[in-house]
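Below, each chain spelled out in residue letters.
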Amino acid sequence: MSKNVALVLSGGAARGMAHIGAIEELEARGYNITSIAGTSMGALVGGIYALGKLPEFKEWAISLDRHDMFRMVDFSFGGNGLIKGDKVLSKIKEFVPDALIEDLPIAFSATAVDLKHREEVVFTKGSLFDAIRASIAIPSVFTPITSDNTVLVDGGVMNNLPISNVQRTDGDMLIAVHVNAAIPVPHHFYENEDRIEKESKYKKWMSEFYDFLHINHPKEKKEQLGFLSLMDQALSTGMLRQVEYSIEKGKPDLVINVSRDVCGTYDFYKAKEVIEVGRYSAILELDKVKFNV
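Summary of the structure given here. (Residues numbered from 1 in each chain as written. Predicted model: local features only at pLDDT ≥ 70, side-chain atom pairs only at ≥ 80, totals over all residues. Heavy atoms only, no water.)

**Section: the pairing of strand E2 (residues 32-39)**
Counting buried positions over the eight residues of E2 gives six, a clear majority of the element. Across six bridges, strand E1 (residues 4-9) lies against E2 in parallel orientation. The residue bridging Val-5 from the neighbouring strand is Ile-33, located in E2. In this fold, E1 hands off to helix H1 (residues 18-28), which returns the chain to E2; that crossover is right-handed. The pairing of E2 with strand E4 (residues 107-114) spans five bridges and is parallel. Note on E4: the bridge partner recorded for Ser-35 is Ala-107. (Buried < 20%, exposed > 50% of the residue type's maximum accessible area, 1.4 Å probe, protein only. Helix = DSSP H or I, 4+ residues; strand = E, 2+ residues; numbered from the N terminus. Pairing = 2+ DSSP bridges. Right-handed = clockwise from strand over helix to strand, strands pointing away.)

Next up, the structure:
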């Protein structure tokens, strides 16, 4: 097999941090990523990698604590999403400048969905961060990107593993990273002291988050956590079958599966551990690959 890679990165919110570990393992083995297609967090990580700024993003992501997270949550109470999502992207832009997708050194596409026309939207040109913002707009959580003619939301609604959208070159290897796989978490990635301490801080942050919601929407506080959990479960269930179909039809040369149980949807405080699970998952699959001489 060739070491040129067309890479497809799935959505998965905090689980998408595993893409960083998978990409680092590919690079360590001498693979040359020639194109990337991503949905949601796959679009965010893939786009930043295509721009050449993944090390800066990784360093920032693993440094976040609950106070950093809270400061980047820009609440929206307009009824079409809890969070605007602009603050976090503005923060990332401080060390990862925006660029035109067509100018990136690696071919890139981000997948979103237009609810108004019930169709997939694939960004292959224009502002990288505008494309990412549309692709990560999880329904009911992040506000959609709206205009007179479109309502753009997370691409995972229709295509959470966008194999159909990746640009191919002759002789390349098609690799997909699926971070919502129904497989167990590797046993040696379970609880450790650092994770327990971070989880305690995270739960305190979540408590403050819901207290804030209670101040602004007193009637919603008791329902909110259950609502987010319900939405997450509903989307994840639909996405699993959809991803299976995408793999069947797209026939990737290799699928790197990361357990959906590695962390919760919004457990971004676990970034360091999730990155390592992504690396480990990549190692398991890449060790099976044989190359043509």
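**Some words on the side chain of Arg-279**
Within the secondary structure, Arg-279 sits in helix H9 (residues 271-286). The class for Arg-279 is buried, based on a relative accessible area of 19%. When residues no more than four places from it in sequence are discounted, the contact partners of Arg-279 are Gly-21, Ala-22, Glu-24, Glu-25 and Lys-58. (Contact = heavy atoms within 4.5 Å.)

**A look at the pattern of salt bridges**
Side chains carrying opposite charge are able to pair once their charged atoms draw close together. By the definition in use, this model includes 11 salt bridges. One salt bridge connects Glu-24 with Arg-279, and the closest N-O pair in it is separated by 2.7 Å. Placement of the pair is Glu-24 in helix H1 and Arg-279 in helix H9, with a sequence separation of 255 residues. Residue Glu-285 is joined to Lys-288 by a salt bridge in which the shortest nitrogen-to-oxygen separation is 3.4 Å. Linked through salt bridges whose partners overlap, the residues forming this network are Glu-24, Lys-58, Glu-276 and Arg-279. (Salt bridge = Lys/Arg side-chain N within 4 Å of Asp/Glu carboxyl O.)

**A closer look at a nonpolar patch on the surface**
Together, Leu-115, Val-157 and Met-158 make up a nonpolar patch on the protein surface, roughly 230 Å² of accessible area in all. Topologically, Val-157 is positioned in the loop between strand E8 (151-154) and strand E9 (173-181). (Patch = residues over 30% accessible without salt bridge, like charges linked within 9 Å, V, L, I, M, F, W, Y side chains within 5 Å. Areas by Shrake-Rupley, 256 points an atom, 1.4 Å probe, with all protein chains shown as cover.)

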